[in-house]
Amino acid sequence: PGAVLQQSPRMTCCRIPTATYRLQFNQRFRFSDARALVPYLESLGITDLYASPLFQARRGSGHGYDVTDPLRFNQELGGEEGFTELAGTLKQHGMGLLLDIVPNHMAASNENPWWCDVLRNGPDSPYAAYFDIDWQPSRPGLTGKILLPILGAPYHAVLENQELTLILAEDGFWVMYHQERLPLNSKSHARILGHCTDKMEPTPEHGNTIFARLVKLRDDFELLTKHARQRDFTEAFWDSREELWRLYNASPEVKLLLDKNLGVFNGIKGNAQSFDNLDQILAEQNYRLAFWKVANHEINYRRFFDVSGLVSIRIENEDVFKATHTQVAKTVQAGQVTGLRIDHIDGLRDPVGYLKRLQNRLCSNPRSGFYVVVEKILNADEELPPEWPVYGTTGYDFQNVVNGVFVDRRGADKLDEIYARLSRYETEFSDVVYIQKRRVMFQLFAGEVHTLARQLGELAESDRYGRDLTVADIEEALVEVTACLPIYRTYIRNFEVSPRDSAYIAGAIQEAVRRHPAGSQACEFLRRVLLLDFPQYLSVKQQKEWLRFVMRWQQFTGPIMAKGFEDTALYVYNRLISLNTVGGDPQTVGLSVPEFHRFNRARYDRWPHSMNATSTHDAKRSEDVQTRINVLSEISGLWESFLNRWRSWNAAKKSVVNGLTLPDGNTELLIYQTLIGAWPLHEEKIPDFKERIHDYLIKSSREAKIYTNWLNPDAEYEGAVTKFVDEILEPADDNQFLPDFLRLQGITAYYGAVSSLSQVLLKIASPGVPDFYQGTELWDFSLVDPDNRRPVDFQERTALLAELQGQESGNLLDLVKQLLPNWKDGRIKLYLTYKALHFRRKYTDLFSAGEYTPIKAAGPLNDHVCAFARRLGDTWSLAATPRLLARLQKADRALEAAGTAQPVTPTPPIGETVWGQSALVLPDQAPDYWRNVLTGEELNVTSSSATAATPAEGKVLPLADLFGNFPVALLEGMR
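All values derive from a computational prediction rather than experimental measurement.

1. Things to note about the sheet that holds strand β13 (residues 307–312)
Logical step 1: Read from one edge to the other, the open sheet built from three strands follows the order β6-β13-β12, with strand pairing classed as antiparallel. The open sheet has two free edges, formed respectively by β6 (105–107) and β12 (303–304), since each of these has just one partner strand.
Logical step 2: As defined by bridge partners, β12 adjoins β13 across two bridges and the pair is classed as antiparallel. Within β13, the position partnered with phenylalanine 304 by the bridge is valine 307.

Dropping the structure here:
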């Protein structure tokens, strides 16, 4: 059970990372590049490299999640040899490797040998059971076939435009569609050769040899058609194809004949009848080619979300599990891989069953378990199921909580007011999510909805309480309940429904009935099915059918939440977009310090080795972009004033498209916030940024699905948005916006940077494993992927770290005093990361198992500090960070006082001028002497009664001393 795994690293058989660093591998960053980076990562304080998927993926893959062969390391990255060398280098430096694996899906590509075999041989393929395919769909003509929605136009148009052509290669006959290569079955091989031999007459010169060989090959392929299920079929089929290729290359006569006949099959443009032979060949395949737009309505294999190029696998099948985890287990047993990140755990039919099987496969000691974390998105108060044998999540939950600490609750009402005025959409985010989940079900998952409704209708037929429900009633109830489910999925796996799952389902049913009272009868029937509330007369077989439906529905709800919430609602609702994160709540009012401490205490008690992330490859925007935008909540009144000016000045730059003035107020709000968050620190990067913002706005507009979308892009709308941005960013005498924007952006950039430093320290010192996304040890203003997969300048980072390490050997305080005034060069973030990680590595047990004690601040500035202590025996540390500094230092008043022409330079948030007499109040048992790890200063605790000067009793540490020379503090207790 998960609880058993939550122990001190001294009690486990596996390696617990101290700090991880995520690297995105692709053609531009290979195993050799990572090897060269290992010394730098070790110097930074990283203990474990956290790698994106490394097994063979589609050619040119930028991410590795489109796996084609889980038995081989990606050749484009350096293959087996490159991986072995990387693993060896990591081991030499005492570092581990946390590997991201993909148990839910593979690439639906001819590069995938298993998938290719299924396309060729259909249900007879030995790999047919590997993939989640419905071989008996309701669509006529698809029985025993796979729908392949890869065509760019309707089938007949593609065929008669001669875009589908037959070819012969060394591995047999194929049909080509541009660069896509699709296999032909043995029956088609026999048909094509039969067409050739019918046209060929034996000649005296050759005797009957060539003719006889072709006839024999034709007969062999025909015979193989009847024995496709036999174990030696694949080998025999391969031998026959090799023989055909040899004959084709050895005999000019055969080559000429085959080429001529393939030309006949490939037809003549303008002559529709000439394509009949090819049409017949394609009709007898185990797949049906279709226009890509029909995928969402008729596809009969389970996809990763709505991506037809990724086919889900049946990992619950023991053979599939073994086949896909052979290489994983091998690397674990060799000590090359020391931890696993499980991608998209909610896509699996039985997540806990998979995780238990995985632990049994990888670790001989079930009481401790192998280090496994799961990509699990937890909503609101949802908790990771305690029975899961994992060490925690990949850190979305921590990311949302720590980000919320830097959102000012006092600005919430003003933000709501601004958004209600500028947006014509729903202002209740829960309503936005509900609407968008319904939308994606009809637009992107109509086929899956119809299939589930049909299955539910079959269950209703055998239940007298559901027999009179129409298919329309059932489908509407299914859509409503799914749209109202507040989490990604439930985890029912047998006839026992947990109180957790029961509560979520019952709540979704209640909300569905509230929104759609007319469907109450169908919702009641669905409630009984989902909660497995059987009538007594159901047979055991029928009860299993109910459970089978529930488990299939659970695999459906996750993609609906992902596409409706993550990939639509988060692009529609633009109140404060720094809160629009995976697993977040965009309508939140921020998080108080006590709430943050409660989260950390629960994490310490339950999941002390879960990952702490602040930026990830799945993030909508990086941590540094988020913290800048958060500042707007602290100056919400000033933000409104700027917005009013900008909207007035920029109104003339909008375009009218189909009677609409674009961009609308909601999109305009997104644009301004994005500019504030991602604007470069250095002028030379602005041209590249303008290109990036184009790509981002097109993607965000398509994801929002209001005016344009991926299925039907609206070039006019997208052009209007990018044109607007180009014009407002063009330096010109009459462009009042740009200088005014830069004044505000200068303030948000400065205070956002300090908040980012605070987040770095909280991440490192809190319970959990701190995780760093590639490049974020310096300022990083990346937006959603693929923007966050841009190459990272590691040479710059390596040189800067070496320089800092050389400087700290002198007077540490002198070095520290240089960093804040020069904050734009990023060294301050790199220095903090390096120093705090080395301190954590020095005291590994303290941070992995040490008690967590919130530390309160006394005085008028208590709301502006987040601090806590970690203790293990006599070893103590204390982390303290400022928050909401723009409000504290009245940045809005400073900007207003300067007028519209002058920029404002913020006051450094250090020393008594800022912090006055406020102080931290320490526990009685805390040390009296402390050393600041970041500055080298020694601090003495003072004991005093509360006075006007020092409003605290007992042991206190003045904030003016704590933040005297550096904006955050990490202390080591001294005895």
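2. Let's talk about the nonpolar core
Logical step 1: By size, the foremost hydrophobic cluster in this structure holds 266 residues, and its most contacted members are Phe25, Leu340, Phe596, Trp639 and Leu920.
Logical step 2: When residues of this core are assigned to their parent elements, the largest contribution, 16 residues, is made by helix α28 (residues 737–765).
Logical step 3: With residues near it in sequence (within four places) discarded, tryptophan 639 still touches Leu415, Ile418, Leu632, Trp646, Leu669, Tyr672, Gln673, Ile676 and Leu744.

3. Brief notes about the pairing of strand β20 (residues 769–773)
Logical step 1: Among the five residues that make up β20, five are buried, leaving the element largely enclosed by the rest of the structure.
Logical step 2: The side-chain alternation of β20 yields two buried faces, one formed by Val769, Asp771 and Tyr773 and the other by Pro770 and Phe772.
Logical step 3: Bridge count for strand β17 (residues 611–612) against β20 is two bridges, and the pairing is parallel. From the neighbouring strand, methionine 611 faces β20, where its bridge partner is valine 769.

4. Quick notes on the packing of helix α29 (residues 794–808) against helix α30 (residues 812–819)
Logical step 1: One can describe the packing of α29 onto α30 by two numbers: an axis separation of 8 Å at closest approach and a directional angle of 140°. When the axes of α29 and α30 are compared, the pair comes out oblique. In this structure, α29 uses Leu804, Gln807 and Glu808 to contact α30, whose residues at the interface are Leu812, Leu815, Gln818 and Leu819.
Logical step 2: Considering only residue class, the contact of α29 with α30 consists of four nonpolar, two polar and one charged.

5. Section: the confidence of the model for the protein
Logical step 1: Within the protein, residue pLDDT values average 93, and 95% of them lie at 70 or more.
Logical step 2: Note that residues 6–12 has pLDDT below 50 and, in this model, 16 contacts with residues that lie over four places away or in other chains.

6. As for the packing of helix α20 (residues 520–530) against helix α21 (residues 540–572)
Logical step 1: At a minimum axis separation of 9 Å, α20 and α21 run at an interaxial angle of 100°. Taken as axis vectors, α20 and α21 run roughly perpendicular relative to one another. Residues Phe525, Leu526, Arg528, Val529 and Leu530 of α20 form the contact with α21, whose participating residues are Trp546, Phe549, Val550 and Trp553.

7. So, the environment of tyrosine 465
Logical step 1: Looking at the element boundaries, tyrosine 465 is found in the loop between α17 (446–461) and α18 (471–484).
Logical step 2: Residues tyrosine 465 and glutamine 521, 56 residues apart in the sequence, show an inter-C-alpha distance of 8.9 Å.
Logical step 3: Apart from residues no more than four positions distant in its own chain, tyrosine 465 is found in contact with Gln521, Arg528 and Tyr537.

8. A word on the pairing of strand β22 (residues 865–872)
Logical step 1: The buried fraction of β22 amounts to six of the eight residues, a majority that puts the element mostly inside the structure.
Logical step 2: Here five bridges tie strand β21 (residues 851–858) to β22, and the two strands are oriented antiparallel to one another. Following the sheet pairing, glutamate 851 is matched in β22 by arginine 871.
Logical step 3: Once β21 ends, the chain turns through six residues before running back antiparallel as β22, passing glycine 859 with a positive phi of about 115°.
Logical step 4: In terms of strand pairing, β22 meets strand β23 (residues 875–882) through eight bridges, oriented antiparallel. Note on β23: the bridge partner recorded for leucine 872 is threonine 875.
Logical step 5: Where β22 hands over to β23, the hairpin turn is made up of two residues, of which glycine 873 adopts a positive phi near 65°.

The rules behind each value
- Residues numbered from 1 in each chain as written.
- Predicted model: local features only at pLDDT ≥ 70, side-chain atom pairs only at ≥ 80, totals over all residues.
- Heavy atoms only, no water.
- Pairing = 2+ DSSP bridges.
- Helix = DSSP H or I, 4+ residues; strand = E, 2+ residues; numbered from the N terminus.
- Core = buried A, V, L, I, M, F, W, Y, C linked by side-chain atoms within 4.5 Å.
- Buried < 20%, exposed > 50% of the residue type's maximum accessible area, 1.4 Å probe, protein only.
- Contact = heavy atoms within 4.5 Å.
- Axes fitted to C-alpha atoms, helices over the stretch in contact; angles between N-to-C directions.
- Parallel < 35°, antiparallel > 145°, perpendicular 65-115°, else oblique.
- Nonpolar A, V, L, I, M, F, W, Y, C, P; charged D, E, K, R; others polar.
- pLDDT = per-residue confidence, 0-100.

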